[in-house]
Amino acid sequence: RAALNSGVALVGTVGAGSKRNYTVLGDTINVTFRIETVAGKLDQNIIISQSTADLLGGALTLRSLGAHDLDGRSGEVQLYSLVMD
């Protein structure tokens, strides 16, 4: 499965010495992981958040999957699937 979400994230190296890792952090990343879980529950291969759909500007055909509550987060997120013709 693939989950696409857009927003601000912190990108860089964390840790010290030989235990350094390159990573991404932030709410945008947390939402992405949570919507990937929803994709599995809805049996969808590709799932897109409202923020990403807005950036697409109609360039792709999307089907609304409705608003969903995400674990550990207040408020709903509107999700879409990619229509493949």
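Structural notes, computed from the coordinates. Please read these numbers as outputs of a predicted model, since none were measured by experiment.

Parameters and conventions
Residues numbered from 1 in each chain as written. Predicted model: local features only at pLDDT ≥ 70, side-chain atom pairs only at ≥ 80, totals over all residues. Heavy atoms only, no water. Core = buried A, V, L, I, M, F, W, Y, C linked by side-chain atoms within 4.5 Å. Buried < 20%, exposed > 50% of the residue type's maximum accessible area, 1.4 Å probe, protein only. Helix = DSSP H or I, 4+ residues; strand = E, 2+ residues; numbered from the N terminus. Contact = heavy atoms within 4.5 Å. Expected span 1.5 Å × (residues − 1).

**Thoughts on the nonpolar core**
And step 1. Grouped together as the largest cluster of nonpolar side chains are 10 residues: A3, V31, I35, V38, A39, I47, L65, L70, V77 and L79.
And step 2. Residue assignment for this core shows that the elements contributing at least two residues are α1 (27–41) and β6 (76–82).
And step 3. At four residues, α1 tops the list of elements feeding residues into this core.
And step 4. If near-sequence neighbours (up to four positions away) are discounted, L65 is found in contact with L42, Q44, I47, Q78, L79, Y80 and S81.

**Focus: α1**
And step 1. When the terminal C-alpha atoms of α1 are compared, their 21 Å separation across 15 residues agrees well with the 21 Å that a helix rising 1.5 Å per residue should span.
And step 2. Within α1, the full set of buried residues consists of T28, I29, V31, T32, I35, V38 and A39.
And step 3. Turning to α1, the residues buried within the fold contact β1 (2–4), β3 (21–25), β4 (46–49), β5 (62–69) and β6.
And step 4. Two residues or fewer after α1 comes D43, characterised by a positive phi angle close to 55 degrees.

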